[in-house]
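# Structural overview for review
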Amino acid sequence: LTVAIAPTKIIDRFEWFLEKSTEVGISEIYPIECDHSERRQLKLDREQKVVTSAVKQSLKAYHPTLEDMTDFKKFVTREFDGRKFIAHCGEAIVGKKYLASTLAAGENAVILIGPEGDFSPEEVRLAVENGFEEITLGTQRFRTETAAVMAVAMVAVVNTL
């Protein structure tokens with residue numbers, strides 16, 4: 001599972017996501033810079049320590065990869081071996097599916113989670129044009145870090161069925 005997420009303005013919330021997603025199980029994390037991003041830089045050394053601490057605490061055998069901040073447009077146009085999803089709150093272009101009901105166990109997946117204020121309509125369009133499927137995580141509206149942890153948890157549940 002790969003999650004590309006816009007880091008939150010309040011860094012503690014992003015670090016909470018790093019910790020919890022590592023505990024639940026994630027392979028790669030790509031901080032992405034979006035049109036509505038409020039944070040455009042990270043102290044990667046510090047964030048790596050958060051991930052490492054969560055690996056040790058949860059007795060995980062796998063240490064997720066935390067990448068450098070990546071531009072949204074560059075990220076969505078790159079190749080990926082697996083299904084690609086974008087979670088957003090706006091109107092669907094093609095139609096949204098509930099993540100837990102569309103994902104099959106063991107599938108490689110990348111999930112885009114937008115910033116506070118969501119992805120711009122142009123970003124959603126670009127993602128869909130590049131093969132991303134629109135998804136919903138439920139009827140509630142979540143904060144960025146909560147949405148990302150919900151997505152990771154849904155994938156973990158699907159993979160244990």
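One can find the structure itself at the top, above this paragraph.
Residues numbered from 1 in each chain as written. Predicted model: local features only at pLDDT ≥ 70, side-chain atom pairs only at ≥ 80, totals over all residues. Heavy atoms only, no water.

## Here we look at the pattern of salt bridges
Counted by the stated rule, this structure contains 10 salt bridges. Residue E33 pairs with R40 through a salt bridge whose shortest N-O separation is 2.8 Å. Under the relative-accessibility criterion, E33 is labelled partly exposed at 25%. Put simply, R125 and E129 hold a salt bridge, and the shortest N to O gap is 3.2 Å. Residue R125 and its partner E129 are located together in helix α5 (residues 121-129), separated by 4 residues, close to a single helical turn. The exposure class assigned to R125 is partly exposed, which follows from its relative accessible area of 39%. Since its relative accessible area comes to 54%, E129 is described here as exposed. Linked through salt bridges whose partners overlap, the residues forming this network are R83, K97, E107 and E133. (Salt bridge = Lys/Arg side-chain N within 4 Å of Asp/Glu carboxyl O. Buried < 20%, exposed > 50% of the residue type's maximum accessible area, 1.4 Å probe, protein only. Helix = DSSP H or I, 4+ residues; strand = E, 2+ residues; numbered from the N terminus.)

## Looking at the pairing of strand β5 (residues 83-87)
The element β5 is extensively covered by neighbouring structure, given that 5 of its 5 residues are classed as buried. Side chains R83, F85 and A87 project from β5 onto one buried face, and the interleaved K84 and I86 project onto a second face that is buried too. Pairing of β5 with strand β7 (residues 109-113), which is carried by 5 bridges, proceeds in the parallel orientation. Of the residues in β7, the one forming a bridge with F85 is I111. Examined bridge by bridge, β5 and strand β8 (residues 133-136) share 3 bridges and lie parallel to one another. Pairing of I86 across the sheet is with E134, part of β8. (Pairing = 2+ DSSP bridges.)

## Considerations on the packing of helix α1 (residues 11-24) against helix α6 (residues 144-160)
Two elements in contact, α1 and α6, have axes separated by 9 Å at closest approach and are oriented at 5 degrees. If you check the angle between α1 and α6, you find them roughly parallel. Facing α1, whose interface residues are R13, W16, F17, K20, S21 and V24, α6 presents E145, T146, A148, V149, V152, A153 and A156. Along the lines of polarity and charge, the residues of the contact of α1 with α6 split into 8 nonpolar, 2 polar and 3 charged. (Axes fitted to C-alpha atoms, helices over the stretch in contact; angles between N-to-C directions. Parallel < 35°, antiparallel > 145°, perpendicular 65-115°, else oblique. Contact = heavy atoms within 4.5 Å. Nonpolar A, V, L, I, M, F, W, Y, C, P; charged D, E, K, R; others polar.)

## Things to note about the environment of L44
Among the structural elements, L44 can be located in helix α2 (residues 44-58). Given the relative accessible area of 21%, L44 is considered partly exposed. Note: C-alpha distance between L44 and D68 (24 residues apart in sequence) is 7.0 Å.

## A closer look at the nonpolar core
Counting residues in hydrophobic clusters, the biggest one holds 28 residues, and the most contacted among them are F17, L99, I111, I113 and L137. Looking at this core, the element that brings in the most residues is α6, giving 7 residues. Dropping the residues within four chain positions of it, L99 is found in contact with F85, I111, I135, T136, L137, A151, M154 and V155. Counting residues in hydrophobic clusters, the runner-up holds 17 residues, among them Y30, I86, L112 and L126. (Core = buried A, V, L, I, M, F, W, Y, C linked by side-chain atoms within 4.5 Å.)

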